[in-house]
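Coordinates in review
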Amino acid sequence: MSSPAPYRVLFVCLGNICRSPAAEIIFNAVAAEEGLAALVQADSCGTASYHTGSRPDRRMLAALERAGFSYGGHRARTFRRADFSEFDLIVPQDEYNEQDILSLSRNSADAARVRGMWQWFAENERERSVPDPYYGGAEGFDAVVALLTRSMRKLVAELKDKLIQA
Ligand code: 4NP
């Protein structure tokens, strides 16, 4: 029997150099830790094209390294309509990203794949979006890594229940 197609998750932010590549890196690490590596596949992209082809921001890579995560070589790309057909779950980091993605959706099935990252925040989180760390200092990048790590633990636990039959 062939193995089932992996469940595909796409993380989206504005530039695809800070928040969404970090989400992808952290998701992959947590999924591997939980034994889901063969069952899921992640990618990330931006709603804007101005950083297309760039590596993640060096300040984000430094924050990821401080938290024990390593960069696997992602280059920035822009969200495209075909992503609705290629991914099971599309995760914007803030409400602007969500609006931009939904404005490209073709039907309700496309829109139903979109679930904001805040759905996996803890109930006591103050934020309703992953804050954009681009114009701030290192502590903002560390806070994003911490918030994404908490969120990815919840998302991966949800996928584990869904993808591994008891
Ligand atoms: P990201 O952060 O959306 O988390 O990748 C940003 C990256 C670049 C810019 C803004 C936010 N920018 O204005 O160039």
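Further up the page is the structure itself.
Residues numbered from 1 in each chain as written. Predicted model: local features only at pLDDT ≥ 70, side-chain atom pairs only at ≥ 80, totals over all residues. Heavy atoms only, no water.

Brief notes about the site of the ligand
Under the convention used in this document: Any residue with a non-hydrogen atom lying within 4 Å of a molecule or strand is treated as near it. N or O atoms closer than or at 3.5 Å make up a polar contact, with two conditions inside protein: a donor-capable atom paired with an acceptor-capable one, and, for residues adjacent in sequence, both atoms drawn from side chains. The method behind every accessible area is Shrake-Rupley, applied with a 1.4 Å probe, and residues are considered shielded solely by the protein chains displayed.
In the vicinity of the ligand, the contacting residues are Cys13, Leu14, Gly15, Asn16, Ile17, Cys18, Arg19, Tyr50, His51, Asp132, Tyr134 and Tyr135. For the ligand, an oxygen atom lies 2.9 Å from a polar atom in the backbone of cysteine 18. Take histidine 51: an N or O atom from its side chain is 2.9 Å from an oxygen atom of the ligand. Protein chains shield 93% of the accessible area of the ligand, which is 350 Å² for the free molecule.

Considering the packing of aromatic side chains
To describe a pair of aromatic rings, one takes the distance between the centres and the angle between the planes. Put simply, the rule reads: Stacked, tilted and edge-to-face are the three classes assigned to paired rings of Phe, Tyr and Trp, where Trp is represented by its six-membered ring and a pair needs centres within 6.5 Å; plane angles under 30 degrees give stacked, over 60 edge-to-face, the rest tilted. Between buried and exposed lies partly exposed: a residue is buried under 20% and exposed over 50% of the maximum accessible area for its type, with that area taken using a 1.4 Å probe on protein chains only. Note on criteria: charge over ring means Lys NZ or Arg CZ within 6 Å of the ring centre, with the direction from the centre no more than 35 degrees off the ring normal.
Tallying each qualifying case throughout the model produces three aromatic pairs. Seen from their ring centres, phenylalanine 79 and phenylalanine 84 are 5.3 Å apart, and the 80° between their planes marks the pair as edge-to-face. Residues phenylalanine 79 and phenylalanine 84 agree in their burial class; the two are buried. Centre to centre, the rings of tyrosine 134 and tyrosine 135 are 4.8 Å apart; their planes meet at 90°, and the pair counts as edge-to-face. A relative accessible area of 76% places tyrosine 135 in the exposed class. Over the aromatic face of tyrosine 134 sits the side chain of arginine 59, whose NZ or CZ is 5.3 Å from the ring centroid.

Regarding the environment of serine 151
Here is the rule: Helix numbering and strand numbering both begin at the N terminus, where a helix is a DSSP run of H or I of at least 4 residues and a strand a DSSP run of E of at least 2. What makes two residues a contact is simply this: any of their non-hydrogen atoms within 4.5 Å.
For serine 151, the location among the structural elements is in helix H6 (residues 138-163). The sequence separation of serine 151 and phenylalanine 121 amounts to 30 residues, and the corresponding C-alpha distance is 5.3 Å. Excluding its chain neighbours within four sequence positions, the residues that come into contact with serine 151 are Met117, Trp120 and Phe121. A polar contact of 2.8 Å, which involves the side chain of serine 151, links it to the backbone oxygen of leucine 147.

Quick look at the nonpolar core
What counts, and what does not: Here, nonpolar core means buried Ala, Val, Leu, Ile, Met, Phe, Trp, Tyr and Cys residues that are tied together by side-chain atoms lying within 4.5 Å of each other.
With 37 residues, the main nonpolar core has Phe11, Phe27, Leu64 and Met117 as its most contacted residues. Elements with a contribution of two residues or more to this core: strand S1 (7-13), helix H1 (19-33), strand S2 (40-46), helix H2 (58-66), strand S3 (89-92) and H6. Ranked by the residues each element gives to this core, the list is headed by H6, at nine residues. Formed by nine residues, the second largest nonpolar core is a distinct cluster that contains Val12, Cys45, Ile101 and Val114.

Concerning the sheet that holds S2
So the rule is basically this: Strands were regarded as paired on the criterion that DSSP finds at least two bridges between them. The axes are straight lines fitted to the C-alpha atoms, using for helices just the contacting stretch, and the angles between their N-to-C directions are given from 0 to 180°.
Read from one edge of the open sheet, three strands run S2-S1-S3, paired in parallel fashion. Bordering the open sheet on either side are S2 and S3, each of which pairs with just one other strand. Ignoring strand direction, the axes of neighbouring strands in this sheet form an average angle of 20°. Relative to S3, S1 runs parallel, the two sharing four bridges.

Things to note about the layout of surface pockets
Operational definition: Grid points spaced at 1 Å and placed over the protein atoms alone form the basis of the search, with a cavity being a set where a 1.4 Å probe fits but cannot get out and a pocket an open set showing protein on both sides within 12 Å along at least five of seven lines. Lining residues have an atom within 4 Å of a point. Grid points are joined across faces, edges and corners, and a volume is the space filled by probe spheres set on the points.
If you add up the space inside the largest pocket, you get close to 170 Å³. Surrounding the largest pocket, Cys13, Leu14, Gly15, Asn16, Ile17, Cys18, Arg19, Tyr50, His51, Asp132, Tyr134 and Tyr135 form its lining.

A word on the packing of H1 against H6
A pair of packed helices can be characterised by two numbers: the angle between their axes and the separation between those axes. Heads up, the condition is: In these notes the angle categories are as follows: under 35 degrees is roughly parallel, over 145 is roughly antiparallel, 65 to 115 is roughly perpendicular, and the rest is oblique. Crossing chirality is assigned from the near helix's rotation relative to the far helix, an anticlockwise turn below a right angle marking it left-handed and a clockwise turn marking it right-handed. Residue polarity is assigned by list, with Asp, Glu, Lys and Arg as charged and Ala, Val, Leu, Ile, Met, Phe, Trp, Tyr, Cys and Pro as nonpolar; anything else, Gly included, falls into the polar class.
Between H1 and H6, the shortest axis-to-axis distance is 9 Å and the interhelical angle comes to 45°. Overall, the two elements H1 and H6 adopt an arrangement that is oblique. Between H1 and H6 the crossing geometry is right-handed. The residues of H6 that touch H1, namely those facing Arg19, Ala22, Ala23, Ile26, Phe27, Val30, Ala31 and Glu33, are Val144, Val145, Leu148, Thr149, Met152, Arg153, Leu155, Val156 and Leu159. A class-by-class count of the residues in the contact of H1 with H6 yields 13 nonpolar, one polar and three charged.

Functional significance is not addressed by these values, which are geometric in nature.
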